[in-house]
Amino acid sequence: MTLDAIGLEVMAHAFAGIAEEMGALLVASSFSPNVRERRDSSAAIFDANGEMIAQAAHIPVHLGAMPEAVAAVMELNPVPQDTFILNDPYTGGTHLPDITMVHAMELDGGVAGYTVVRAHHSDVGGMRPGSMPPHSTEIFQDGLIIPPIRWTAAGKVQEDVERLLLANVRTPTMRRGDLAAQLAACERGAVRYRELVSRKGREYVEGAVHDLLDYAERRTIASVKERVTEGRYTAEDRMESDGLVQTDVCIRVTVHVAGGRMGFDFSGSDPVARGNINCPLSVTRSAVLFVLRCIVDQDIPTNGGVHRVVDVIAPEGLVVNAGWPAAVAAGNVETSQRIADVVTLALGQATDVPAQGQGTMNNVVIGSESWTYYETLGGGQGATSVGDAPSGVHVGMSNTRNTPVEVFELEHPARLCTYALRYGSGGSGRHRGGDGVIREYQALEPMEASLLCERRVHAPAGTGGGGDGQPGLNTVNGRSAGGRAAVSLEPGDVLRVETPGGGGWGSCEPGQPYNAGTRPEVATSPADAVMLDRIS
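This text gives an overview of the structure that appears in the document.

What counts as what
As a convention, each chain's residues are numbered from 1 in the sequence order in which they are written. Totals for whole chains, interfaces and linings use every residue, but because this is a predicted model, local features are given only for residues with pLDDT of at least 70 and side-chain atom pairs only at 80 or more, for both listing and counting. Side-chain numbers here rest on the full set of heavy atoms in the structure, without hydrogens or water. Put simply, DSSP marks the helices as runs of H or I at least four residues long and the strands as runs of E at least two long, and each gets a number from the N terminus on. C-alpha atoms define the radius of gyration, and 2.2 Å times the number of residues to the power 0.38 defines the globule rule. Relative accessibility thresholds used throughout: buried, under 20% of the residue-type maximum; exposed, over 50%; partly exposed, between the two (1.4 Å probe, protein chains only). Any two residues whose heavy atoms approach within 4.5 Å are treated as being in contact. Counting rule applied: Lys, Arg positive; Asp, Glu negative; His and chain ends not counted. Each charge is placed at NZ for Lys, CZ for Arg, CG for Asp and CD for Glu. Put simply, a salt bridge is a Lys or Arg side-chain nitrogen that is within 4 Å of an Asp or Glu carboxyl oxygen. Any two strands are treated as partners once DSSP identifies two or more bridges connecting them. The axes are straight lines fitted to the C-alpha atoms, using for helices just the contacting stretch, and the angles between their N-to-C directions are given from 0 to 180°. In this analysis, the expected span of each helix is defined as 1.5 Å times one less than the number of residues it contains. Residues are grouped as follows: Ala, Val, Leu, Ile, Met, Phe, Trp, Tyr, Cys and Pro are nonpolar; Asp, Glu, Lys and Arg are charged; all remaining types, including Gly, are polar. Pairing of aromatic rings covers Phe, Tyr and Trp, the last through its six-membered ring, and needs centres within 6.5 Å; plane angles under 30 degrees mean stacked, over 60 mean edge-to-face, and all others mean tilted. Over a ring means this: the NZ of a Lys or the CZ of an Arg is within 6 Å of the ring centre and within 35 degrees of the ring normal. Between N or O atoms, a polar contact is any pair within 3.5 Å; within protein, one atom must be a potential hydrogen donor and the other a potential acceptor, and residues adjacent in sequence are included only when both atoms are from side chains.

1. As for the overall build of the chain
Assigned secondary structure in the chain consists of eleven helices and 20 strands. For 536 residues, the compact-globule estimate of 2.2 N^0.38 gives 24 Å, and the chain sits close to it at 23 Å. In terms of overall dimensions, the chain has a C-alpha envelope of 65 × 55 × 40 Å along the principal axes. Across the 536 residues in the chain, those meeting the buried criterion constitute 62%. Looking at the chain alone, contacts between residues at least 24 apart form 74% of all its contacts between residues at least 6 apart. Of the charged side chains in the chain, 43 are positive and 64 negative, and the gap between their average positions amounts to 2 Å.

Shown next, in the form of structure tokens:
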């Protein structure tokens, strides 16, 4: 059976709808604001061979790494209705706070495929509240390591496994609630898949999966041929810290484009770092796939067929393919951003790409022994050849929302004094880079804060003569805290995070006005600050 164009479109939306419903159920039933409000989670479905059928439009760094998680579970020979969990970066995970749940869908007594949900949990143990320590040197300091292990058997949660996990986290009630929401989302996806089979027939549905994977591969190859000039392109960019001290760590890539397929060779990158900026290979592959997805036609279904077009080479022992027991807490959130930047920089020699965006997730973690809170902050996107860039948005490998001020203050012993756009921080040029944001947290009781941020030294670069965006800045009570910090806050202390602006695009033609980005100074007091309920 080969589907026609209409059949392909109908089935692509049917599969995507299942993944979207899984994500909606997860968000609606989660306990933590990180999933419930910020939507720091992702959902997808896979076929019985471990290829992605469809994904919801969630977090880029999650989704490109999910195939490794499914492959790791398949090696354990799951039986129908088994559900596994894992977070081990060296066995299908990304970093420890991201707990992945993989459910084996039952159909006619066999495994028909897998529903998968990944969510960032705001604490999984480790040396600091929130499990995102700025200065860890081995993975054991980051938190509890969970290899692929059965969470349910025949639909029943393994209570001994649950007790072990919850005994190693600071917020067991919230973790139990989020895990239950993940399980419900996985099971809902399996129900919807079986309903689709009952309407269309198993042969038709499985044939549609095969056709859609091949279709996405063909369309991606054709789009690369149309949009990207064949050739060999190199680029490098750098992290500002190895995770312990401020020292540049280089990421280098050579991109080969031929016949609509693309190879990405990171062999020239620096070795594994001492700190936690290291990436498992799954995260590096995610960043590459994200950039590819941004270049090709938007209406191509995002499934395993797109993945077939890409080959990633990164020998083990490099910062982009670390080996056990290297720490990776910041690799997933910060180094992934730089990998996307350097790949975009290389492909900028072959196709039209934006200037650099903020290039960081601006990770903020606060908490104590009894509560934890995690969020990433938006900033400036890079300008493009067709217009100015948006301000106050998540850029690159992050796609979350923000937590509204009211929700944050209701659920945590802290106050948000300022939440505003950082006017004028975007790069100047024919088209302006987007502005960053300012967010100030005032402690109302003693607490710990962890910061993992980049682009505090090296500014996001403009393109084609456009100006650079402004670097970010972190302060505690007005004193610089640097890009990575572990600080104790007392009542009344104020943590202020100013996120980077995006780079500008293009110098001006003679006689054209130069868009320097002059805007009013931002208000900084609680009384007159421009409070933004939702900026991303």
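2. What about the pattern of salt bridges?
This model, assessed by the stated rule, comprises 35 salt bridges. For E37, the salt bridge goes to R36, with nearest N and O atoms at 3.4 Å. The class for E37 is partly exposed, based on a relative accessible area of 22%. Judged by relative accessible area, R36 falls into the partly exposed class, the value being 22%.

3. Describing the sheet that holds strand β12 (residues 363-367)
The pairing of strands in a sheet comes from backbone hydrogen bonds and takes either a parallel or an antiparallel form. Strand order in the open sheet made by the four strands is β13-β12-β16-β19, with antiparallel pairing throughout. Where the open sheet ends on each side, the last strands, each with one partner, are β13 (372-375) and β19 (484-489). Adjacent strand axes in the sheet meet at a mean angle of 10° when their direction is disregarded.

4. Focus: the pairing of strand β4 (residues 98-107)
For β4, the tally of buried residues reaches nine of ten residues, placing the bulk of the element in the interior. Note: strand β3 (residues 83-86) against β4, four bridges, orientation antiparallel. The residue of β4 that forms the bridge with T83 is H103. Pairing geometry for β4 and strand β5 (residues 110-120), over ten bridges, is antiparallel. Residue I99 lies in a different strand from β5, and its bridge partner there is A119. Linkage of β4 to β5, two consecutive antiparallel strands, is achieved through a turn of two residues, within which D108 is found at a positive phi near 55°.

5. Regarding the sheet that holds strand β10 (residues 261-265)
Here four strands make up an open sheet; going across it, the order is β8-β9-β10-β11 and the pairing mixed. Looking at which strands have only one partner, the edges of the open sheet turn out to be β8 (231-239) and β11 (310-313). Across the sheet, the mean angle from the axis of one strand to that of its neighbour is 20°, orientation sign disregarded. Packing against the sheet, helix α10 (residues 331-347) makes contact with β8, β9 (249-258) and β10, and its axis sits at approximately 145° to β8.

6. Concerning helix α8 (residues 281-295)
Relative to the 21 Å expected for 15 residues at 1.5 Å per residue, α8 spans 22 Å between its end C-alpha atoms, a close match to the ideal helical length. Where burial is concerned, most of α8 is hidden: eleven out of the 15 residues are buried. Burial in α8 covers these residues: S282, V283, T284, S286, A287, V288, L289, V291, L292, R293 and I295.

7. Here's the deal with the packing of helix α6 (residues 172-200) against helix α7 (residues 202-227)
Packing of α6 against α7 brings their axes to within 6 Å, and their N-to-C directions diverge by 115°. Residue-level contacts link Y193, L196, V197 and K200 of α6 to R202, Y204, V205 and E206 of α7. By residue class, the composition of the contact of α6 with α7 is five nonpolar, no polar and three charged.

8. Details of the packing of aromatic side chains
Inspection of the entire model under this criterion finds three aromatic pairs. Taken together, a centroid distance of 5.8 Å and an interplanar angle of 80° make the contact between F140 and W324 edge-to-face. Placement of F140 in the loop between β5 and β6 (149-153) and of W324 in the loop between β11 and α10 is noted, with a sequence separation of 184 residues between them. On the basis of relative accessible area, F140 is assigned to the partly exposed category, the value being 41%. Their ring planes at 70° and their centres at 6.0 Å tell us that F408 and Y441 sit as a pair that is edge-to-face. Residue F408 is located in helix α11 (residues 405-411), and its partner Y441 is located in strand β15 (residues 436-443); the two are separated by 33 residues in the primary sequence. Under the relative-accessibility criterion, F408 is labelled buried at 0%. The exposure class of Y441 is buried, given its relative accessible area of 2%. Cluster of aromatic residues (ring-pair linked, three or more members): Y373, F408 and Y441. Over the face of the ring belonging to Y419 we find R439, whose NZ or CZ atom lies 4.3 Å from the ring centre.

9. Brief notes about the side chain of S136
Relative to the assigned elements, S136 resides in the loop between β5 and β6. For S136, the side chain forms a polar contact with the side chain of D142, separated by 2.6 Å. A distance of 2.9 Å separates polar atoms of two side chains, one belonging to S136 and the other to N276.

10. Describing the environment of A443
Counting through the fold element by element, A443 comes out in strand β15. In this structure the C-alpha to C-alpha distance between A443 and A154, which are 289 residues apart in sequence, comes to 46 Å. Discounting chain neighbours no more than four positions away, the residues touching A443 are P413, L489, E490, P491, G492 and D493.

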